[in-house]
Amino acid sequence: MTKVKEAAVLPRNEILQGDCIEIMAGMPEASVDLIFADPPYNLQLRGDLHRPDNSRVDAVDDEWDRFASFETYDAFTRAWLKQARRILKPNGAIWVIGSYHNIFRVGAALQDEGYWILNDVVWRKSNPMPNFRGKRFTNAHETMIWASKSEGARYTFNYEALKSLNDGIQMRSDWVLPICNGGERLKDANGDKAHPTQKPLGLLHRVLVGATNPGDVVLDPFFGTGTTGAVAKMLGRDWIGIERDAGYIEVAERRMKDIRAYDRSALQVSQSKRAAPRVPFGQLVERGMLRPGETLVSVNGKAAAKVRADGTLVADGVNGSIHQVGAALEGAPSCNGWTYWCIRRDGKTVPIDVLRQQIRSEMDTAG
């Protein structure tokens, strides 16, 4: 195989026509934040599939989904996963979606190539296609594998955002979402499906909100009609699509022209407190939000301490940080001083964490 010269600059917000393995080989190393891949499923269909009324089912029987053998499919899978891992940033991650026909082979290949599997996520279709032959269970789900570049690698996971998306409940690894249909389903000039396996916008919305941040680069090496790019653009992410079929590219290009990014302020999502900027307690004293000698009271009203000029507290012979003094007074191994200590303002008792959030808000605005 001829070695492809690596490009100096990563193309962004473009659809690149050609073989994904060759095109990824020409991309800069460690340049992509997230890859969402919907590779050929290798369905191994034998003949047409018909409904009980004898009408033909528009199933996947395209040339791109045909492989001579499992060995051929496995070699193809290892080749594109190898290049995908090369262009992922050290803290990047990959999502691969598939059916029972291919996902187990893809999972083994992921591990063989050095990826570290984080979760398998089951997309349970709320409106699956029935099993017309009545010889198997209705195939009502697909599986996504989420993996980091290597064991121990850092990766983006917006836990609080997904929890908020799920009505305040921790997001589980089984997602109930409808298949792409209705007005969302793209059609060709003849009124037929533009792509047999078009994924719903909701699925990609959940993936990208949970695993990327605004400004990240998202690559889809099997772009199809561009669902990944459409959601990435709406969410303020840069995107790259690779697709070899000119017909799909034509549909995707029209689609991308009509997509508008959400307002920048709408792209901010809920973050965990650990992810928020660190604000030392002493900064409240430096900025005059608290004065040396001012008294703080505990949230339960049983303890009090005075603020010192260096950002420490003193109470009943105990001195130290807001956390240390709170823990000592409560006889506890630890204490979150930000929520334990309060101040009196305008006749009300207010947690000092309110002052910290004020500074964080200013930091966000400056950023």
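This is a predicted model, so every value here is computed, not measured.

A. Region of interest: the packing of aromatic side chains. Inspection of every chain in the model, using the stated rule, returns 11 aromatic pairs. With a centroid separation of 6.3 Å and 50° between ring planes, the pair formed by Y73 and F76 is classed as tilted. A residue pair is termed a helical-turn pair when its members lie 3 or 4 positions apart in one helix, as Y73 and F76 do in helix α2 (residues 70-87) at three residues. The exposure classification of Y73 matches that of F76, with both residues buried. Relative to W146, the ring of W95 lies with its centre 5.4 Å away and its plane at 20°, an arrangement referred to as stacked. Of the two residues, W95 is situated in strand β3 (residues 88-98) and W146 in strand β5 (residues 141-148); the sequence distance between them amounts to 51 residues. Like W146, W95 is buried. In textbook terms, an aromatic cluster arises when at least three aromatic residues are bridged by ring pairs, as seen for W95, W146, Y155, F157, Y159 and W175. In this structure, K125 is placed above the aromatic ring of W123, and the distance from its NZ or CZ to the ring centre is 5.2 Å. The lysine or arginine in question, R206, covers the ring of W175, its NZ or CZ lying 5.0 Å from the ring centre.

B. Up close: the sheet that holds strand β1 (residues 14-17). A sheet is described by the order of its strands in space; here eight strands give the open sequence β1-β8-β7-β2-β3-β5-β4-β6, paired in mixed fashion. Taken across any chain shown, the strands that pair with only one partner, and hence form the sheet edges, are β1 and β6 (174-177). Between one strand axis and the next, the sheet turns through 20° on average, direction left out of account. Sitting on the sheet, helix α3 (residues 103-112) is in contact with β3, β4 (116-125) and β5, with an inclination near 165° to β3. Docked against the sheet, helix α7 (residues 246-258) engages β1 and β8 (238-243), running at close to 175° with respect to β1.

Parameters and conventions
- Residues numbered from 1 in each chain as written.
- Predicted model: local features only at pLDDT ≥ 70, side-chain atom pairs only at ≥ 80, totals over all residues.
- Heavy atoms only, no water.
- Phe/Tyr/Trp six-rings, centres within 6.5 Å; stacked < 30°, edge-to-face > 60°.
- Helix = DSSP H or I, 4+ residues; strand = E, 2+ residues; numbered from the N terminus.
- Buried < 20%, exposed > 50% of the residue type's maximum accessible area, 1.4 Å probe, protein only.
- Lys NZ or Arg CZ within 6 Å of the ring centre and 35° of its normal.
- Pairing = 2+ DSSP bridges.
- Axes fitted to C-alpha atoms, helices over the stretch in contact; angles between N-to-C directions.
- Contact = heavy atoms within 4.5 Å.

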